[in-house]
Number of protein chains: 4
Amino acid sequence: MTKPAQTNTVAGKELLSFIERVERLNEEKKSLGDDVKDVLGEAKGKGFDVKIIRKVISLRGQDRVKRQEEQEMLDLYMQSIGMMG
Amino acid sequence: MTKPAQTNTVAGKELLSFIERVERLNEEKKSLGDDVKDVLGEAKGKGFDVKIIRKVISLRGQDRVKRQEEQEMLDLYMQSIGMMG
Amino acid sequence: MTKPAQTNTVAGKELLSFIERVERLNEEKKSLGDDVKDVLGEAKGKGFDVKIIRKVISLRGQDRVKRQEEQEMLDLYMQSIGMMG
Amino acid sequence: MTKPAQTNTVAGKELLSFIERVERLNEEKKSLGDDVKDVLGEAKGKGFDVKIIRKVISLRGQDRVKRQEEQEMLDLYMQSIGMMG
DNA sequence: TCAGATAAAATCGCGC
DNA sequence: GCGCGATTTTATCTGA
């Protein structure tokens, strides 16, 4: 950016504000990603197998999702036989 | 898994701790992802085109040189198959 | 699931049949997706840039008018936040 | 395309060939997607709840994936303690 | 450092 | 027309 941004219009300023908010959130996300890397690096330093840890985390996540979806399934059934709303 | 997880050993406890730290970070990331969605939803509510905003953000994040190079390669490919007269 | 699926009823059998037909179709779709990957892999082996090829395919599939409109809106947004001098 | 494609170069012809192969595969995929819609429409016509059918299919898919991943997990453990290659 | 694999994001399209 | 689910694309990460 060699020139000052010409956000002279109201809409331009508002748009830029939205964009910058999103960019800020994205940076925080990236930072958290780096934190994850650090933690896994630390685990590796203690002799743990990072690949296995990732797999465990993934499987635990699947369990959670599956439990949620089974509940949704039940709700769906109940809706469909007129037990809800 | 018929047995409770073996968090009784020292290594087991340490491993679980690493796993939970990562999971916590992942949740925060997910939460930020939801925040992004909220912001974009708000922008949409004000009449902005979310798809375009995303594209702008993406372009702002890319290196200008790299962007140009990719565009040139794209043009080259399109010329080579007769897409550009 | 402690009980076997109730495919003993007529409706249950019919339902299962629908489900399996859809699953079969989904597998075929997946298989075609793998074929696409193979072709692109082959192209890559010949020195082509897969990412660019994907983009070309995408552009060929888009309506020219719609494409222009989106580009214009993008320019408009970028101007309004001062990205285009 | 008002002009004949100028795929005069060897590379251009090869590139176009790859592109057309992918496009053909994509069409087949799309066609299968339509078939899925037809099957679900038929199920709906017989009084079944399409949303539930989709959910069942999704859960069955998750089961399959989870089973596979648990196996991979075992393999990983065994590798990590030196039981495999 | 790069290819291949894996996971995350963005886009697309249906159904309500 | 909007949210949700599915698919596709992008980015990250690991291993050679």
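Conventions we followed
- Residues numbered from 1 in each chain as written.
- Chains lettered and ligands numbered in written order.
- Predicted model: local features only at pLDDT ≥ 70, side-chain atom pairs only at ≥ 80, totals over all residues.
- Heavy atoms only, no water.
- Near = heavy atom within 4 Å.
- Polar contact = N/O pair within 3.5 Å; in protein donor to acceptor, adjacent residues only side chain to side chain.
- Helix = DSSP H or I, 4+ residues; strand = E, 2+ residues; numbered from the N terminus.
- Nonpolar A, V, L, I, M, F, W, Y, C, P; charged D, E, K, R; others polar.
- Contact = heavy atoms within 4.5 Å.
- Buried area = accessible area lost by both parts, 1.4 Å probe.
- Salt bridge = Lys/Arg side-chain N within 4 Å of Asp/Glu carboxyl O.

J.: Now, about the protein's contact with DNA strand F: what can you tell me, with residues and values included?
T.: Surveying the vicinity of DNA strand F reveals the residues K37, V50, K51 and R54 of chain A, K44 of chain B, K29, K51 and R54 of chain C together with K29 of chain D. In the environment of DNA strand F, a phosphate oxygen lies 3.0 Å from a nitrogen or oxygen atom belonging to the side chain of K37 of chain A. Here a phosphate oxygen of DNA strand F and a side-chain polar atom of K29 of chain D are 2.3 Å apart. Elements with a minimum of two residues in the surface near DNA strand F: α2 (50-80) of chain A together with α2 (50-61) of chain C. If you tally residues by element for the surface near DNA strand F, the top one is α2 of chain A, at 3 residues. Counted by class, the surface near DNA strand F contains 1 nonpolar, no polar and 8 charged residues.

J.: Account for the protein's contact with DNA strand E, naming residues and giving values.
T.: In the region of DNA strand E, the neighbouring residues are K29 of chain A, K51 and R54 of chain B together with K37 and K44 of chain D. When the atoms of DNA strand E within 4 Å of the protein are grouped by moiety, sugar and phosphate amount to 100% of the total. Taking K37 of chain D, its side chain carries an N or O atom lying 2.8 Å from a phosphate oxygen of DNA strand E. When contributions to the surface near DNA strand E are tallied by element, the ones reaching two or more residues are α2 (50-61) of chain B together with α1 (10-45) of chain D.

J.: Outline the interface of chain B and chain A, listing residues and values.
T.: Many authors give the size of an interface as the accessible area that is lost as the parts come together. On the side of chain A, 29 residues touch chain B, which itself brings 28 residues to the contact. Summed over both sides, the interface of chain B with chain A buries roughly 2800 Å², with 76% coming from carbon and sulfur. Considering only the side of chain B, the residues that lose the most area to chain A are F18, L32 and R60 of chain B, jointly responsible for 21% of the buried surface there. Connecting chain B to chain A are 7 salt bridges. We note a salt bridge from R60 of chain A to E23 of chain B, for which the minimum N-O separation is 2.7 Å. There are 7 residue pairs in polar contact (both at pLDDT 80 or more) connecting chain B and chain A. The set of elements that each furnish at least two residues to the side of chain B that touches chain A consists of α1 (10-45) and α2 of chain B. Residue contributions to the side of chain B that touches chain A peak at 22 residues, all from α1 of chain B. Within the side of chain B that touches chain A, the residues separate by chemical class into 16 nonpolar, 2 polar and 10 charged.

J.: Can you tell me about the interface of chain D and chain C, naming the residues and giving the values?
T.: Facing the 29 residues of chain D at the interface are 28 residues of chain C. Among the residues chain D hides against chain C, the three largest losses belong to F18, L32 and F48 of chain D. Together they make up 20% of the total. The tally of links between chain D and chain C comes to 7 salt bridges. For the salt bridge of E42 of chain C with R21 of chain D, the shortest nitrogen-to-oxygen distance reads 3.1 Å. Connecting chain D to chain C are 7 residue pairs in polar contact (both at pLDDT 80 or more). When residues of the side of chain D that touches chain C are traced back to their parent elements, those giving at least two are α1 and α2 (50-80) of chain D. It is α1 of chain D that provides the largest number of residues to the side of chain D that touches chain C, a total of 22 residues. Among the residues making up the side of chain D that touches chain C, the classes are represented as 16 nonpolar, 2 polar and 11 charged.

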